[in-house]
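Understanding the architecture of this molecule
Here's the letter readout for the chains.
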Amino acid sequence: MRLTIRRRAGRWAALLAVGAMTASLLLTAPQQATAGPPNLLSNPGFETAGAAGSDMPSCWSKSGWGDNDFTFSTVADAHGGTKAMKVSLTRRVNGDRKALVTENSTCAPTVTPGKQYDLSAWYKSNTPDVSVTVFRRDTTAGWQYWTDLQNPPVSAAWARTEVRTPAVPPGTDKIAWGLSVYGVGTLTTDDYALEEVGAVPPQPACSGTAEECAKGKWQVIPAQNPVRSMHAVVLKNGKVLLIAGSGNDIAQFNAGTFTSAVYDPANGSFKTIPTPVDMFCAGHVQLADGRVLVMSGNKGYPSADGKIGYQGLKDSYTFDPTTEKYTRTNDMNGGHWYPSATILGNGDVISFGGLKEDSTGNVTAEKFSAAQNKWLPMNEVNQTWSYWGLYPSMILMQDGRLFYSGSHTFGNGTPGTGASIYDYDANTITDVPGLRNKDERDESASVLLPPAQDQRVLTIGGGNNERNPAANRLTDIIDLKQPSPAYTAGPPIPQGLVDQGQGKRPQTGAEGKMFVSAVLLPDGKVLETGGGLHDRADPVFEASFFDPTTNTYQAGLATDPIPRTYHSASFLMPDGRVMSVGDNPGNGTYNHNVSIYTPPYLFKGARPQITSVIDTQWVYGDTQRITVNRPVAKAELIRPAAVTHSSDPNQRFVDLPMTVDGTTIDLNVTSNPNLAPPGWYMLFAVDANGVPSIATWVHLGGPSALAATQEQPSAHEHTFADELGPAKDNPAKRDSAPVAPSVAGCDRHYGTANVCVPTRFPAEVRETTKARCDWLASHTYPKRLKVNGSDPLRLDPDRDGYAC
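Residues numbered from 1 in each chain as written. Predicted model: local features only at pLDDT ≥ 70, side-chain atom pairs only at ≥ 80, totals over all residues. Heavy atoms only, no water.

This part covers the overall build of the protein. Along its length, the protein carries 6 helices and 56 strands. Relative to the 2.2 N^0.38 estimate, which gives 28 Å for 804 residues, the radius of gyration of the protein is 27 Å and therefore close to what a compact globule would have. Its C-alpha atoms put the protein at 100 × 60 × 50 Å along the principal axes. For the protein, the residues scored as buried account for 62% of the 804 residues in total. At a minimum sequence separation of 6, the contacts of the protein that also span at least 24 residues come to 66%. (Helix = DSSP H or I, 4+ residues; strand = E, 2+ residues; numbered from the N terminus. Rg over C-alpha atoms; globule rule 2.2 N^0.38 Å. Buried < 20%, exposed > 50% of the residue type's maximum accessible area, 1.4 Å probe, protein only. Contact = heavy atoms within 4.5 Å.)

Applying the stated criterion across every chain, the model contains 4 disulfides. For Cys59, the disulfide goes to Cys107, at an S-S distance of 2.1 Å. Looking along the S-S bond of the Cys59-Cys107 disulfide, the torsion reads about -70 degrees, which is the left-handed sense. Placement of the pair is Cys59 in the loop between helix H2 (19-28) and strand S1 (60-65) and Cys107 in the loop between strand S4 (96-101) and strand S5 (117-125), with a sequence separation of 48 residues. Cys59 gets classed as buried once you look at its relative accessible area, which sits at 12%. (Disulfide = S-S within 2.5 Å.)

Once that is clear, we can look at the sheet that holds strand S20 (residues 316-320). Across the sheet, 4 strands lie side by side as S16-S17-S20-S21; this open sheet has antiparallel pairing. Single-partner strands in this sheet number two, and they are strand S16 (283-286) and strand S21 (325-328). With strand direction ignored, the average angle separating the axes of adjacent strands in the sheet is 25 degrees. Examined bridge by bridge, S16 and strand S17 (residues 292-295) share 4 bridges and lie antiparallel to one another. The residue of S17 that forms the bridge with Gly283 is Met295. (Pairing = 2+ DSSP bridges. Axes fitted to C-alpha atoms, helices over the stretch in contact; angles between N-to-C directions.)

The final tally for this structure, using the stated rule, is 31 aromatic pairs. Between Phe46 and Trp60 the ring centres are 4.7 Å apart and the planes differ by 45 degrees, which places this aromatic pair in the tilted class. A residue pair is termed long-range when its members are at least 10 positions apart, and Phe46 in the loop between H2 and S1 and Trp60 in strand S1 qualify at 14 residues. Exposure class is identical for Phe46 and Trp60. Each is buried. Following the ring pairs from residue to residue traces out a cluster consisting of Phe253, Phe258, Phe280, Tyr301, Tyr310, Trp337, Tyr338, Tyr391, Phe410, Phe515 and Tyr566. Positioned above the aromatic ring of Tyr566 is the side chain of Arg536, whose terminal nitrogen or guanidinium carbon lies 4.1 Å from the ring centre. Positioned above the aromatic ring of Tyr802, the side-chain terminus of Arg784 is 4.1 Å from the ring centre. (Phe/Tyr/Trp six-rings, centres within 6.5 Å; stacked < 30°, edge-to-face > 60°. Lys NZ or Arg CZ within 6 Å of the ring centre and 35° of its normal.)

A few words on the pairing of strand S37 (residues 526-529). On S37, burial covers both faces: Val526 and Glu528 on one face and Leu527 and Thr529 on the other are all buried. Relative to S37, strand S36 (residues 517-520) runs antiparallel, the two being bridged by 4 bridges. Paired with Leu520 across the bridge in S37 is Val526. In textbook terms, the turn of a hairpin is the stretch between consecutive antiparallel strands, and for S36 and S37 this stretch comprises 5 residues, one of which, Gly524, has a positive phi near 95 degrees. As paired elements, S37 and strand S40 (residues 543-547) share 4 bridges and run antiparallel to each other. By the bridge assignment, Val526 is partnered in S40 with Phe546.

An order of S36-S37-S40-S41 is seen for the 4 strands of this open sheet, with the pairing classed as antiparallel. At either margin of the open sheet sits one strand with a lone partner, and together these are S36 and strand S41 (552-554). Shown here is a sheet whose adjacent strand axes are inclined to one another by a mean of 30 degrees, direction ignored.

Turning to unusual backbone geometry, a few remarks are in order. Here the bond from Pro450 into Pro451 is cis, since omega is -15 degrees, no more than 30 degrees from zero. When you line up the elements, Pro451 lands in the loop between strand S30 (445-448) and strand S31 (456-460). Its identity as a non-glycine residue notwithstanding, Glu324 has a phi of 55 degrees, on the positive side. Tracing the sequence through the fold places Glu324 in the loop between S20 and S21. Note on Glu324: relative accessible area 9%, which makes it buried. One non-glycine residue, Gln455, adopts positive backbone phi at about 55 degrees. With respect to the element layout, Gln455 can be found in the loop between S30 and S31.

What follows covers the environment of Asp535. Along the polypeptide, Asp535 turns up in the loop between strand S38 (532-534) and strand S39 (537-541). The class for Asp535 is buried, based on a relative accessible area of 8%. Distance in space between the C-alpha atoms of Asp535 and Cys746 is 9.8 Å, their sequence separation being 211 residues.

To continue, consider the nonpolar core. Leu458, Leu521, Leu527, Phe571, Leu572, Met579 and Tyr597 are the most contacted members of the largest nonpolar core, which has 53 residues in total. If one sorts the elements of this core by residue count, strand S53 (residues 679-686) sits on top with 4 residues. Counting residues in each nonpolar core, the second largest holds 37 residues, with Met397, Ile421, Leu435 and Ile626 among its members. (Core = buried A, V, L, I, M, F, W, Y, C linked by side-chain atoms within 4.5 Å.)

A separate point is the confidence of the model for the protein. Averaged over all residues, the pLDDT of the protein is 92; the fraction at 70 or higher stands at 93%. Here residues 705-711 is a poorly scored stretch, pLDDT under 50, and it has 21 contacts once near neighbours within four places are set aside; other chains count. (pLDDT = per-residue confidence, 0-100.)

By the element assignment, Asn788 lies in the loop between strand S55 (785-786) and strand S56 (802-803). A polar atom in the side chain of Asn788 sits 3.0 Å from the backbone oxygen of Arg748. At 3.0 Å, the side chain of Asn788 forms a polar contact with the backbone oxygen of Gly751. Beyond its immediate stretch of four places on either side in the chain, Asn788 contacts Ala304, Arg748, His749, Tyr750 and Gly751. (Polar contact = N/O pair within 3.5 Å; in protein donor to acceptor, adjacent residues only side chain to side chain.)

So, about the environment of Lys217. Its place among the elements puts Lys217 in strand S11 (residues 217-220). Counting along the chain gives 180 residues from Lys217 to Pro37, while the straight-line C-alpha distance between them is 43 Å. Those residues in contact with Lys217, other than ones at most four positions away along the chain, are Glu212, Ala558, Ile596, Tyr597, Thr598 and Phe603.

Take a look at the structure:
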């Protein structure tokens, strides 16, 4: 969905006024290196005419896309010299137009991977719908769109815009750029410049041991998690909400004992929170105002005879971080045990999948209206009557569509290729190809890779709890900017040590992991940690970094000493460390230990500091000024975690292109709410060595973000995912989809509902009573499991009513 975006009135006046406040700081603080000559552009002022017959100046080309009417003209109204370039749009349905540095070896400047460059131009415009657009030449793939960096404000007189690029990606040898017009109006430009940022940052001194500086460090804190939490949400005040409900403990459920806790990193304390219903395996998402919307949960555990499975609640609540209390909303239209939850660009929330009150699969989409603060009636929500499974990973794309990555919990993937694009407005689902082993991506993790502007998704690992093979090492990457996006194979997950009940051993062959955690870090990498080899069993002790710029893993990091498989979570904290909680193996136990990971970037010496933020209330398309105590290379917004079962589809890292003047930095905020949905974000500044500041909390939104959907122009929208195959036929209207009561992979003929005897034992376990009982003993299952009715796994040969 596209929203009306306008720059906040008076912003530039406020930025000028702050100059006096920062003057003393600028006199004493270390100075950021500035770009310097030479200007790497040819014909930067349009003074040299093009070749005979050309209607564009030398080294400049007409560029753009979409359905619009436009004109290009070389005019005498110049900032310097005698010529300038004028581009006008008189009608626009979509797309943009721009004068672009010609993409050839003669005109496009040569750049160095890892370096940054300052781009500047003089301009006049009568439309706010202007952006600085950059393309890069990949030495393998050729020319491709790179990023939009800035939205210069309307200016009737000549004004200068300047912005610093991110570090040039590996494999890039040239870049081309220009100012795009993506709304009706006129833009005149002149005197472009592209200059290399020349300073080389000093190499950091290691402040820890050599191993800590290379691998990071894990610490198990003294305090223990007081609740059996299944869900973790980082709140807008930096505290962490841990939701347990009954905590997968049927005794707690029968007693009506439902719990949550709030962890305060400032003092290491936990506070238990009264919890109104069993939020065990609910869905959750952070609303624009910082409240947490918690939907559904557990109405009932499976019956002892296995004829009915888990049952979903209709109930829905919000949690207020300030009062630390739950407040009931209206009910959903049906139960959704294990639902998805994705915030949209207008602040609404959409939810799919899960199990209904009768344990069947829920086929209705649910929509929470931010404006009305309620779940909408079913007839006000577009319906495809599709069953998306349990915790389907639904990621918001830059144009408002949803990408189902193929990650889910329990069982097989959805029919088709396993991944698809859902267009809510058109109410169509279109499969995308390439996801390998789509029916072995149960409990895989999917993340929108940094930065969100790149629209690339990484899917990691997984298995299948119905057949219970060894989890795989597969990673797959998809670029949603491509006209016909398809997953391509990524590097395999690095291997570590696995404990199958006889002590740790190295993983071999194709052994990977499921229940894996994937955490976006402020240096732009993804921490991959935790997980197990088989469903709810056999923890793997391994951690690595995935680098989106090189599509490679850095293996051999320090590993969490605590097993982290089923019902575990790992997430980024505002201080740049990672917290890990939980582990609930099939034997019904729960690990209350809490681990903290300090990444290597925190052993590289002093951290940069954000010394001032003029305004913590940010508006889309705005320019926000911060000051820092020393040079930084990038800044970004990271949405705080709301994670469960390896799933956090709202996790994202949004790049903030910078205009740098010493230690004063203007940050260019995206104008597209689909890239950064409204809400509270952690603002990090990161130096050239990847060392992040402590985060400052800022709120992104404003009235425009919550306005009704409108077909208005938005930057960062280019031709992408627009050549999909035919949409699938939606199912006929129906009440539900059949789901086996054994969907959780547990045979309910043994023990209590919180104990999970596998429906299928791992392949290496022989199909004999002794082998199965030995496996249960090695995984510390209760010694005497009551047999509920029949004995399909032959675990009670003496027929005394107890297994093994």
